[in-house]
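Residue strings, one per chain:
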Amino acid sequence: MKYNLTIIGAGIAGLTAAAKAYASGLERVLLIEHQPVIGGFTRGYIETSFFETEQRLLSECAALPYTIMTRSTVVGFFTGDGDTPHQLFVQTPTETEEIQTDYILIASGAMEKPREAWRISGGRPAGVMTPAMAVELSQRGYRLDEGKTMIYMADRRSHGAAEYLADRLGETIQVSAEDFDIEHIHGTAQLEGVTIRSVITGEAERVNCSRLLFAKGRYGSTFFLKGLPVERDESTLCIITDRFGATGIPRVYAAGSCTQLGDDGHTSSIEMASEVADHLLAKI
Amino acid sequence: MFKVKLMIHKEAAQGSLPERLLCYGDKAKTFRRLLHYVGAVTPIHCLMIDKTKLSFIIKKQTKTIKCNIKQNQWNGKVNIVVDSLRDVVVIGGGVVGTAIVRALSLYNMSIMLVEKQHDVCEGTSKANSAIIHTGFDAKPGSVESDCLRRSRELWPELIGALKIPFLPCGAVMVAASETEKAKIIEHYVPNAEANGVEVRYIEKEELLEMNPDVSEHNLGGLVIEGEGICDPFWVTRAFAQLAELNGAEIRFGSGVERIEPADDDSHLVIVLEDGSEIRTRYAVNAAGLWSDEIADMVKDESFVITPRKGQFILTEDTLGISQIVLPVPSPSSKGILAAPVVFGGFLLGPTAEDQEDKWDRSTTDDGMEAVLNGVEKLLPGIRSATTIRQFAGLRAVCSTGDFVISPSPRSHRLIHAAGIRSTGLSSSPGIAERVVELLRSTDLIMTERSEAILELPDLLGESDAASNGEIICLCRSITRGEIERALSAPLSSTTLDGIKRRTGAMLGECQGNGCIPKLLDVMESFTASRGLAKAGGEEAPLKGLRESYIAGQAGGRDNEI
Ligand SMILES: Cc1cc2nc3c(=O)[nH]c(=O)nc-3n(C[C@H](O)[C@H](O)[C@H](O)COP(=O)(O)OP(=O)(O)OC[C@H]3O[C@@H](n4cnc5c(N)ncnc54)[C@H](O)[C@@H]3O)c2cc1C
């Protein structure tokens, strides 16, 4: 089957675009999603008060009649010339599928930049994780309530995680990214403490804890573009687009936090994706 | 070669197997090898041996065994004598211990390796410069130089047989001043000659041509063509896997707590931390930083080990060097160097900092600064490189100043392979050879195993897309199938670091934060479906080291009530 539009990523941006496509009457639309469910990388926080708009979008999209391939990941593609379709390679639970499509919208989102990206000195103990990982673990029933947890409050995601995990963590201490830097990680097998430094007074303080939820900034989840001509920012891996989502490759667009126009808190994905979708749908 | 798939009868798989099976009678030789697998490795590994079929039943009480080789059209009975006394137990699963157990697995003996952590290569062997040294700078006449010399001859074959990723890039020791040049000509050239290592002094032009990023203030350098780079984890894992395929038993999560010589001196009793006992004729102490503690268990205080930290920076930037670039060493360390990495990128470091804690491998801002400072002298532009990872390793500095490869003065049944400071990776095959020689001079009967496996088969090999399953690690495109293959191959480990080092999953930008929950799902269903134990029998998932819990056991506390 050949599609008019293939949307890579059924997260907030991808679903926004899919809803627009449906409203405009487009029929042959495919969504490809790495996760087992739609909702994207903010899925875990979506039931919290910080993500009410996204929650609404998700329930609206539940009834979309388009095919959604879940647990499926794009591993690469060949771009078509002139009128020939693009060819996508998708790894599914059972095979590597080939998909022909006229247009591609990359809406593959962004992942949280972990401790390792920030050259924070110290040991490499267990217990240091991103808010998203903590939420995923908790959803699987793993317990995070033993000992004290420090949450580094950097953006909307850490706030969402803090709210979601509120009664699943033991004692917690919230450290605002505006006031403190994480300076050193103590512990060999298990986290024992974190040294934080006040950006205001310059004073350092060790806080003993057995878990640290940390992330700051984001990486475009665009790994499948490695070696492909779609231009990306070297340090954030975000796709470079114009304001209508055009990537420089004909009929390949990108929207949401996987682009350089997105923001770390994923706050503008809906608006951006709507604008890109309008522009794109006008062409199809 | 005769290949057999072992089908273990339900009864046998459930009951505990005798520790060692000796067989006599018709076809005994073939059976001895087959049964060795049964006695020595877990049933799941036996199932992988392949192709044709052998089924057998072990009646636990009577200790008789009935064997049935279908393919060979042979039916017969074999008498079994159960003997739970091992010939050799190797303590420590670093590169030294695994090299030894590989070498011993080529003999008809019952051998075992016990490692405290839940995988091989969790100690010094995992964090080092990854250089296979020639020993050009080793002290002539030392045990170290002898081990390095032997290893030089052994590596080419090992690299091929174990498919070790290896980069024969050579090294260059740069002369930054006339004094350093004089030191190279007057000390290092004759020293290399005494050790039988070929070296060659090159002038500035050649130095810069091969390594354009090197400072042009240097006068020239000493090229040591024979030095190269490998993947230390690969080496350690491959040594252990080969040993396991040859029937050695490898036990993780088995820290040695006490060693008790038998009253009649006929054997040693090794007591593990969980209280279980292993009886063995000989033991080899390859416990790295902790080898003095093992010696202490037989009241041997002939050497003391202290840790010396080395911090590293790994960069993925492209540097203009084609060789390992070394400074002229100072008295306390080989100095801070820059070297290519087998899988791409460059390694900068290490520092040399004495400390007390034997597990503290933390990095510090001062250490990172020291690395950059050191490398800057060789490669002036280095500060503009972006780092991707930082880590540290601990050298085992020995009070005797040389390797200790000899029977303990307090117990001839404990052989030390200890005090291995800065070249243990390079010298491990030679160390193993010396240990084999020491054991051959004892009362052990060591006949060569005629059907020994010398080459590592492709255990994690590629397979078709259908059996790959969905992508689990997004950053590195690692599939469910690749993870399951790593879990089912010999020497599997059920810690996340174990999976990481076998598959490359979790090594991308998200450093596992995105895929660890999914990986836990895969491991969960895999271990449950195969009835396998989790690392250390722990229900809570482990990152790597013992007690490195990722999170509490799923639903844990409620279940206890
Ligand atoms: C900074 C640095 C750079 C280096 N660079 C190089 C290099 O470029 N080339 C080179 O050849 N060498 C290099 N080395 C040296 C090399 O890494 C070591 O010599 C080598 O890894 C030592 O191996 P090992 O098996 O003796 O010790 P380890 O790898 O430490 O293994 C010892 C094992 O014993 C286990 N153990 C401890 N106590 C017990 C117990 N009671 N019961 C059971 N198990 C126990 C530990 O858990 C551990 O796994 C470097 C080292 C450092 C620190």
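Owing to the predicted nature of the structure, the values given are computational and were not obtained by experimental measurement.

### Quick word on the sheet that holds strand 14 (residues 204–208) of chain A
Taken together, the 4 strands give an open sheet; going across it, the order is 8-12-13-14 (chain A), and neighbouring strands pair in mixed fashion. Each having just a single partner strand, strand 8 (121–122) and strand 14 of chain A make up the two edges of the open sheet.

### Looking at helix 8 (residues 232–245) of chain B
All names here are of chain B. For helix 8, which comprises 14 residues, the first-to-last C-alpha distance of 20 Å matches the rise-based estimate of 20 Å (1.5 Å per residue) to within 8%. Burial within helix 8 is extensive, with 13 of its 14 residues counted as buried. A distance of 3.2 Å separates the backbone nitrogen of phenylalanine 233 from a side-chain oxygen at the start of helix 8, and that oxygen is part of aspartate 231. Where helix 8 ends, the next residue or the one after it, glycine 247, has phi of about 100°, a positive value.

### With respect to the domain arrangement of chain B
All names here are of chain B. Taken domain by domain, chain B holds domain 1 (10–83), domain 2 (86–126 + 233–304 + 400–440), domain 3 (171–225 + 306–397) and domain 4 (466–537). Between domain 2 and domain 3, the C-alpha centre-to-centre distance is 31 Å. Across the contact, 15 residues belong to domain 2 and 11 residues belong to domain 3. In total, about 1200 Å² of surface goes out of reach between domain 2 and domain 3, with carbon and sulfur atoms giving 58% of it. If you sort the residues of domain 2 by the area they bury against domain 3, Leu289, Trp290 and Arg421 come out on top, with a joint share of 47%. At the boundary of domain 2 with domain 3, the tally comes to 2 salt bridges. The shortest N-O distance in the salt bridge between lysine 358 and aspartate 292 comes to 3.0 Å. Summed over the shared surface of domain 2 and domain 3, the number is 5 residue pairs in polar contact (both at pLDDT 80 or more). Classifying every residue of the side of domain 2 that touches domain 3 gives 4 nonpolar, 6 polar and 5 charged.

### Some remarks on the interface of chain B and chain A
Counting residues at the interface gives 51 residues for chain B and 43 residues for chain A. Around 3800 Å² of area is buried between chain B and chain A when both sides are counted, 55% of it from carbon and sulfur atoms. Taken together, the connections running from chain B to chain A amount to 2 salt bridges. Arg71(A) is the partner of Glu470(B) in a salt bridge, and the nearest nitrogen-oxygen pair spans 2.9 Å. Our enumeration of links across chain B and chain A arrives at 14 residue pairs in polar contact (both at pLDDT 80 or more). Listing elements by their share of the side of chain B that touches chain A, those giving two or more residues are strand 23 (387–398), strand 26 (471–473), helix 14 (516–530) and helix 15 (556–560) of chain B. The greatest single-element share of the side of chain B that touches chain A, amounting to 6 residues, is contributed by helix 14 of chain B. Across the side of chain B that touches chain A, the residue classes break down as 19 nonpolar, 19 polar and 13 charged.

Cut-offs and rules
Residues numbered from 1 in each chain as written. Chains lettered and ligands numbered in written order. Predicted model: local features only at pLDDT ≥ 70, side-chain atom pairs only at ≥ 80, totals over all residues. Heavy atoms only, no water. Pairing = 2+ DSSP bridges. Helix = DSSP H or I, 4+ residues; strand = E, 2+ residues; numbered from the N terminus. Expected span 1.5 Å × (residues − 1). Buried < 20%, exposed > 50% of the residue type's maximum accessible area, 1.4 Å probe, protein only. Polar contact = N/O pair within 3.5 Å; in protein donor to acceptor, adjacent residues only side chain to side chain. Domains from an automatic or database assignment. Contact = heavy atoms within 4.5 Å. Buried area = accessible area lost by both parts, 1.4 Å probe. Salt bridge = Lys/Arg side-chain N within 4 Å of Asp/Glu carboxyl O. Nonpolar A, V, L, I, M, F, W, Y, C, P; charged D, E, K, R; others polar.

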